Each structure stands twice: as C-alpha cells, then as structure tokens.
Amino acid sequence: MAVSPGDWALEESGKTGSGTMFSKLYSVLKWALVPSLIFLVALDLRTSGLFRGLSSAVEYHPDVPKQIRQLGNYLDGNYTKHYGGDPFYDGYPYGLNRVDEGIIRIVYPFWAAVRDHSLSGDASSRAPAGSELYYWTRSLRVLYGMIVVLLAFVISRRLGMPRWTGLLTAFVVALAPLSVTVSHTATGDVGVDLFAALA
C-alpha cells in the first residue's frame, strides 16, 4: 500500500510531537528528581537519631545545657542575663538563639493550639519550657542545616556556575560530615554555616 506525502508528513509530525513530549518530561523529571533526591539525602542525614538521648535526659555536647538555658532566658524576655560563662568567649550562639526565639515565638502558639485542641490558656505558657526546648532547638538545627544546603545551590548559581555544578555543590554540603553533626546538637555551631551562607 502506497503512502501519500501528506500521510508521511502527518506521521512524522506525530513522532516529533511525542518525541518532544518525552524530552520535556525527561527534562522536568531530571531537574525535579535530582534536587528532590539531594533534599531527601540531606534531610535523612540530619534527622537520623535527632532526638537520641533526650528521653533519658542525656546530652552529648557539653555546651548544650547552658545554651538551652540562655534560649529560655530569651523566651522569658530576659536579654541581659547570661548563663554564667564569659559572654565574649561563650557568646557565639547568642545570635542563633535570638533566631530560635523569633521562630519559636511565632510557631509555638499554633503548635500548642493544635496539640491542646484549643486557643485558650495563659499567654505566658505559649513558649516551650524545660526539656521541651531541647526538642525545639534540635528541630530548628535541622531546618537551618537544610537552608544551608539550599543556599549552597543558590550561591553557586549566583556565581554563574552551571546548574549541575550547583546541584553537585548542594550534594557535597548535604553529605558534609561536620554540617550533619552540628545539625544534631542544640548548639550554635550550625549558625556559622547559616550566617556565612547568608552573608
């Protein structure tokens, strides 16, 4: 059976259309799948064992209790009382503690309302206290660590590097052992990564 030139052109245009559709789908998957995998790897490394030791009241970093105490002071509205150390030597987490305070003041009332199923209650109880602060600060360290991974990609793109280089940069930061470690403790160490990346 003979194929007319019109039928052949129609058939070829259909192939081209489906080929274009598959190449667009591949492009979308490529640029959505790779960043998603990097995000999931970074999140997994930063959340694995995140709350270890807290149910037994065990903390693995000696600076954490005094930094939690300082955050508690901030949440109580006391900005001049320090936790007893030298503020010039031990003061590096103060900036990050203030960021923690701001986020907790915004998010905690909503969290408490969902947890308690009501908006009633004393306004002074709208901030975590005691051991609950450990859970909040460790969770916020994960958030900061994930922001650093995103900023690594953004910085490399702003420097004119290709997209794959930006993804590779984000992947290296996602796997960086020190960045993963500081995302697990409620210290101000992750603040060095965060503030340096934001600068």
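Placed above this text is the structure.
Here's what I pulled together on the structure shown here. (Residues numbered from 1 in each chain as written. Predicted model: local features only at pLDDT ≥ 70, side-chain atom pairs only at ≥ 80, totals over all residues. Heavy atoms only, no water.)

## A word on the pattern of salt bridges
For step 1, the next point in the chain: In this structure the tally under the stated criterion is three salt bridges.
For step 2, the next point in the chain: Measuring nitrogen to oxygen at the nearest pair gives 2.8 Å for the salt bridge that ties glutamate 101 to arginine 98. Pair noted here: glutamate 101 and arginine 98 are both in helix H3 (residues 94-116), with a separation of three residues, about one helical turn.
For step 3, the next point in the chain: Owing to a relative accessible area of 4%, glutamate 101 belongs among the buried residues under this scheme.
For step 4, the next point in the chain: The shortest N-O distance in the salt bridge between arginine 105 and glutamate 101 comes to 2.9 Å. Pair noted here: arginine 105 and glutamate 101 are both in helix H3, with a separation of four residues, about one helical turn.
For step 5, the next point in the chain: Residues joined in a network through salt bridges with shared partners are Arg98, Glu101 and Arg105. (Salt bridge = Lys/Arg side-chain N within 4 Å of Asp/Glu carboxyl O. Helix = DSSP H or I, 4+ residues; strand = E, 2+ residues; numbered from the N terminus. Buried < 20%, exposed > 50% of the residue type's maximum accessible area, 1.4 Å probe, protein only.)

## Quick notes on H3
For step 1, the next point in the chain: With 23 residues, H3 extends 31 Å between its outermost C-alpha atoms, agreeing within 8% with the 33 Å of an ideal straight helix rising 1.5 Å per residue.
For step 2, the next point in the chain: Of all the bends in H3, the largest measures some 35 degrees and sits at valine 107, one to four residues before the proline proline 109.
For step 3, the next point in the chain: Residues Tyr94, Leu96, Asn97, Asp100, Glu101, Ile104, Tyr108, Ala112 and Ala113 constitute the buried set of H3. (Expected span 1.5 Å × (residues − 1). Bend = angle between axes of the 7 residues up to and from the residue.)

## A look at the packing of helix H4 (residues 132-158) against helix H5 (residues 163-175)
For step 1, the next point in the chain: At a minimum axis distance of 8 Å, the contact between H4 and H5 shows a crossing angle of 150 degrees. Looking at the two axes, H4 sits roughly antiparallel to H5. Crossing handedness for the pair H4 and H5: right-handed. Contacts between H4 and H5 involve Val148, Val149, Ala152, Phe153, Ser156 and Arg157 from the first element and Arg163, Thr165, Gly166, Leu167, Thr169, Ala170, Val173 and Ala174 from the second. (Axes fitted to C-alpha atoms, helices over the stretch in contact; angles between N-to-C directions. Parallel < 35°, antiparallel > 145°, perpendicular 65-115°, else oblique. Left-handed = near helix turned anticlockwise from the far one by under 90°. Contact = heavy atoms within 4.5 Å.)

## Topic: the nonpolar core
The nonpolar side chains of a soluble globular protein tend to be buried, and buried together.
For step 1, the next point in the chain: One finds Ile38, Ile68, Ile104, Leu133, Tyr144 and Val149 to be the most contacted residues of the largest nonpolar core, which totals 30 residues.
For step 2, the next point in the chain: Within the residue set of this core, elements represented by two or more residues are helix H1 (5-47), helix H2 (64-75), H3, H4, H5 and helix H7 (189-198).
For step 3, the next point in the chain: Tallying contributions element by element places H4 first for this core, with 10 residues.
For step 4, the next point in the chain: Apart from residues lying up to four places away in sequence, isoleucine 104 is in contact with Leu71, Leu75, Pro109, Pro128, Leu133, Trp136 and Leu140. (Core = buried A, V, L, I, M, F, W, Y, C linked by side-chain atoms within 4.5 Å.)

## Focus on the packing of aromatic side chains
One pair of aromatic rings is described through two measures. These are the centre distance and the angle between the planes.
For step 1, the next point in the chain: In this structure the tally under the stated criterion is three aromatic pairs.
For step 2, the next point in the chain: Geometrically, the ring pair formed by tyrosine 108 and tryptophan 136 is edge-to-face, given 5.4 Å between the ring centres and 65 degrees between the ring planes. Here tyrosine 108 is found in helix H3, whereas its partner tryptophan 136 is found in helix H4, with 28 residues between them in sequence. Just as tyrosine 108 is buried, tryptophan 136 falls in that class too.
For step 3, the next point in the chain: Taken together, a centroid distance of 6.5 Å and an interplanar angle of 75 degrees make the contact between tryptophan 111 and tryptophan 136 edge-to-face. In this pair, tryptophan 111 is assigned in helix H3 and tryptophan 136 in helix H4, connecting sequence segments 25 residues apart.
For step 4, the next point in the chain: One cation-aromatic arrangement involves arginine 98 over tyrosine 74; the distance from NZ or CZ to the ring centre is 5.4 Å. (Phe/Tyr/Trp six-rings, centres within 6.5 Å; stacked < 30°, edge-to-face > 60°. Lys NZ or Arg CZ within 6 Å of the ring centre and 35° of its normal.)

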